[in-house]
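Tertiary structure, described
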Amino acid sequence: MSPSKTPAEILDIDGVEVRISNPDKVVFPEPGLTKLNLVRYYLAVADGALRGAGGRPMVLKRFPKGIDAEAFFQKRVPENHPVFIDTATLRYASGTSAEEAVIRDAAGLAWVVNLGCLDLNPHPVRAEDLEHPDELRVDLDPMPGVDWSQIVDVAYVAQEVLDDVGLVGWPKTSGSRGLHILVRIAPQWSYRDVRLAAETLAREVENRAPGLATARWWKEERGESVFVDFNQNAKDRTVASAYSIRPLPDARVSTPLAWDEVRSARPEQFTVQTVPGRFADVGDPHAGIDDAVGALDGLLALAAELGPAEKPPRGGNGQGGDGSGRRQSVMPLIEVARTKTKPEALAALDEWKSRHSDVVPSLHPADVLVDGMRGSSSLWYRVRVNLQHVPEAERPPQEELIAHYDPWAGKVWPGRPGS
């Protein structure tokens, strides 16, 4: 054993022994939280966390080097998983499949934390029916420059739309800057139908709150608005579920709220250190979610009424404008860098700004686009600048990228250009 590691601790969780390796490892330096602290947090909120993630196949998002290093995504359950971890085999449109972990109890929560997972990332299906989601997910994702009050306004518009089509929304903080609204539905519709319903909801929210909310796919066209991200309902997507710990310095938690709390709540209130006390005092505001199962008929009827929406990007690498047949942006975009980590992306952005300091005062917050892009097993980062607010004669040209990380280097799949 490495001298830097403390001896493993064996926890008895409802009669199941779970081994926690290196329990004193500090995961969140700022509040001084250790791995064992995180395990005990999840045990304190286990009923709520399992209501969100239990019984669902999940992607393991692991932070083996702590929150300051990039996580990696592990779809396949470790071969040596304990007997109390179930599995389910998901098949993807790409033709690949993965046997993913399914946790059903508090011991399972402790096990995934021991692997280095912070947030829980379940699919919107139950292990018993992998093709029919029972949860529609509304992700309210604010663009730079958007404040909390605008996110809240959009959330209440979304609640109004859901109510009009006979559905019940359950809000929670995302654990970052935004809000999620979860909707339980009967497992009777395909992923395609659920995504169409979510897109229709987004379009109707934009119709009712123009300027505040947007359903526009293309990030550079959203302005300072709240993006109602319907694509979180695509088959390969997962979101951090209720009571998930997020990898922010203050150990923030994605926390369920009652609707009458949404306007006064602030994401930074809810952390590993504060949420267990709240859970003990008021319980889980989402306790009734499984009793509020609805149908998609209203949203699908509205989809037919609204007509076809803008088509999303095609293909899988998310880079665009590279000869793959993707739609070219109508905005004056330039790309600055592609990097492996976010600090590298921000450093590249700072370098570009220093080169073009004369145009920086013309940029609006939403004109600077630093996007986390999903790679094969981890995130990578793309930096772009929208020059729409810079006079045309003063716009810098597209230059050689300051950094050019290729997340697909050495990887081959059918249909990849050059493969």
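Scoring rules and cut-offs
All residue numbers here refer to positions counted from 1 along the written sequence of the relevant chain. Note on the predicted model: pLDDT of at least 70 is required for a residue's local features to be given, and 80 or more for side-chain atom pairs to be given and counted; whole-chain, interface and lining totals, by contrast, use all residues. Each side-chain value is derived from all of the structure's non-hydrogen atoms; neither hydrogens nor water enter the calculation. Secondary structure elements are defined from DSSP: runs of H or I of at least 4 residues count as helices, runs of E of at least 2 residues count as strands, and each element is numbered from the N terminus. Note that the radius of gyration is over C-alpha atoms, with the globule rule given as 2.2 Å times the number of residues to the power 0.38. Note on classification: 1.4 Å probe, protein chains only; a residue is buried when its accessible area is under 20% of the maximum for its type, exposed when over 50%, partly exposed between these limits. The contact criterion used is simple: two residues touch if any of their non-hydrogen atoms lie within 4.5 Å. The accessible surface values rely on the Shrake-Rupley method and a 1.4 Å probe; as for residues, cover is taken only from the protein chains in view. The sign given to each residue is positive for Lys and Arg and negative for Asp and Glu; His and the chain ends receive no count. Just so you know, the charge point we use is NZ for Lys, CZ for Arg, CG for Asp and CD for Glu. Stacked, edge-to-face and tilted labels apply to pairs of Phe, Tyr and Trp rings (six-membered ring for Trp) whose centres lie within 6.5 Å, assigned for plane angles under 30 degrees, over 60, and everything in between, in that order. Should DSSP find at least two bridges between two strands, the strands are regarded as paired. For this analysis, a polar contact is any N or O atom pair within 3.5 Å, provided that within protein one partner can donate a hydrogen and the other can accept it, and provided that sequence-adjacent residues contribute only side-chain to side-chain pairs. In predicted models, pLDDT denotes the confidence assigned by the predictor to each residue on a 0 to 100 scale. Only buried residues count toward a nonpolar core. Its members are Ala, Val, Leu, Ile, Met, Phe, Trp, Tyr and Cys residues joined through side-chain atoms within 4.5 Å. Definition used for salt bridges: Asp or Glu carboxyl oxygen within 4 Å of a side-chain nitrogen of Lys or Arg. What counts as an axis is a line fitted to C-alpha atoms, over the stretch in contact for a helix, and the angles between N-to-C directions run from 0 to 180 degrees. Roughly parallel means an angle under 35 degrees; roughly antiparallel, over 145; roughly perpendicular, 65 to 115; everything else is oblique. Two helices cross in a left-handed way if the nearer one is turned anticlockwise from the farther one by less than a right angle. They cross in a right-handed way if the turn is clockwise. When residue character is reported, Ala, Val, Leu, Ile, Met, Phe, Trp, Tyr, Cys and Pro are called nonpolar, Asp, Glu, Lys and Arg charged, and the others, Gly included, polar. Every helix has an expected span of 1.5 Å times one less than the residues it contains. Directions pointing from the helix axis toward each C-beta atom define the arc.

**Quick word on the overall build of the chain**
Within the chain, the secondary structure is distributed over 8 helices and 18 strands. The C-alpha radius of gyration of the chain comes to 22 Å, within 12% of the 22 Å expected for a compact globule of 419 residues. Referenced to the eigenvectors of the C-alpha coordinate spread, the extents of the chain come out at roughly 70 × 55 × 45 Å. Relative to its full complement of 419 residues, the chain shows a buried share of 51%. Long-range contacts, defined as pairs at least 24 residues apart, comprise 70% of the intrachain contacts of the chain with a sequence gap of at least 6. By element, 49% of the accessible surface of the chain is carried by carbon and sulfur atoms, the whole surface being about 19000 Å². The positive charge centre, built from 48 side chains, and the negative charge centre, built from 60, are 5 Å apart in the chain.

**Thoughts on the packing of aromatic side chains**
Applying the stated criterion across every chain yields a total of 4 aromatic pairs. When the centroid spacing of 6.2 Å and the interplanar angle of 70° are considered together, the rings of Phe 227 and Phe 230 count as edge-to-face. For the pair Phe 227 and Phe 230, a shared accessibility class is recorded, and that class is buried. Residues Tyr 243 and Phe 279 carry aromatic rings whose centres are separated by 5.4 Å and whose planes lie at 85° to one another, so their mutual orientation is edge-to-face. Remark: Phe 279 occurs in helix α6 (residues 275-282) and Tyr 243 occurs in the loop between β14 (226-229) and α6; sequence separation between them is 36 residues. Accessibility assignment for this pair places Tyr 243 and Phe 279 in one class, buried.

**Observations regarding the sheet that holds strand β10 (residues 135-142)**
Reading across the sheet, the 5 strands line up as β11-β12-β10-β14-β13 and stay open at both edges, with mixed pairing between neighbours. Every interior strand has two partners, whereas the edge strands, β11 (170-173) and β13 (213-214), have only one. Judged from the 4 bridges that link them, β10 and β14 form a sheet pairing that is antiparallel. Bridge assignment links Asp 139 to a residue of β14, and that residue is Asp 229.

**Quick look at the side chain of Thr 214**
With respect to the helices, strands and loops of the structure, Thr 214 is situated in strand β13. Within the structure, the side chain of Thr 214 is placed 3.0 Å from the backbone nitrogen of Arg 216, a separation counted as a polar contact. Apart from the residues within four sequence positions on either side, Thr 214 is in contact with Glu 206, Arg 222, Ser 225, Val 226, Phe 227 and Val 228.

**As for the confidence of the model for the chain**
Keep in mind that low pLDDT regions are not for reading the predicted coordinates in detail. Across the chain, the average pLDDT comes to 88, with 91% of residues at 70 or higher. The low-confidence segment residues 315-325 (pLDDT under 50) makes 18 contacts with residues lying over four places distant or belonging to another chain. Contacts of residues 413-419 to residues separated by more than four positions or lying in other chains number 6 contacts, the stretch itself having pLDDT below 50.

**Observations regarding the nonpolar core**
Leu 136 and Leu 140 are the most contacted members of the largest nonpolar core, which has 90 residues in total. Residues within four places of Leu 140 in sequence aside, it is in contact with Ile 151, Val 154, Ala 155, Gly 178, Leu 179, Ile 181, Val 226, Phe 227 and Val 228. In this structure, Ile 334, Leu 349, Leu 363 and Val 368 belong to the second largest nonpolar core, which totals 15 residues.

**Overview of the pattern of salt bridges**
Working definition: two side chains of opposite charge can pair if their charged atoms are close together. Under the definition given, this model contains 23 salt bridges. Glu 131 is paired through a salt bridge with Lys 235; the nearest N and O atoms lie 3.1 Å apart. Of the two residues, Glu 131 is situated in the loop between β9 (121-122) and β10 and Lys 235 in the loop between β14 and α6; the sequence distance between them amounts to 104 residues. Residue class for Glu 131 comes out partly exposed when judged on its relative accessible area of 40%.

**Focus on unusual backbone geometry**
Phi is positive for Asn 22, close to 45°, though the residue is something other than glycine. Looking at where Asn 22 falls in the secondary structure, it is placed in the loop between β2 (16-20) and β3 (26-28). With phi around 60°, Ala 251 is a residue other than glycine that occupies positive phi space. Along the chain, Ala 251 falls in the loop between β14 and α6.

**Some remarks on the pairing of β10**
Within β10, 7 of the 8 residues are buried, which leaves it mostly tucked inside the rest of the structure. Examined bridge by bridge, β10 and strand β12 (residues 179-184) share 6 bridges and lie antiparallel to one another. Residue pairing for β12: Asp 139 is matched across the bridge by His 180.

**Observations regarding the packing of helix α4 (residues 148-164) against helix α5 (residues 191-208)**
The interhelical angle for the contact between α4 and α5, taken along N-to-C directions, is 120°, at an axis separation of 9 Å. When the axes of α4 and α5 are compared, the pair comes out oblique. The handedness of the crossing between α4 and α5 is right-handed. Listed contacts from α5 to Val 154, Val 157, Ala 158, Glu 160, Val 161, Leu 162 and Asp 164 of α4 are Leu 201, Glu 204, Val 205 and Arg 208. Here the residues of the contact of α4 with α5 are counted per class, giving 7 nonpolar, no polar and 4 charged.

**What about the pairing of strand β17 (residues 379-386)?**
Here is the key point about a regular strand: its side chains alternate between the two faces of the sheet. Of all 8 residues that make up β17, 7 are buried, and the element is covered over most of its length. Relative to β17, strand β15 (residues 333-339) runs antiparallel, the two being bridged by 6 bridges. Counted as the bridge partner of Glu 335 is Arg 384 from β17.

**What about helix α8 (residues 342-355)?**
Over its 14 residues, α8 runs 20 Å from end to end, which matches the ideal 20 Å to within 8%, given 1.5 Å per residue. Buried within α8 are the following residues: Ala 345, Ala 348, Leu 349 and Trp 352. Viewed along the axis of α8, the buried residues span an arc of 100°, placing them on a single side of the element. Residues of α8 that are exposed and point over 90 degrees away from its buried face: Pro 343, Asp 350 and Ser 354.

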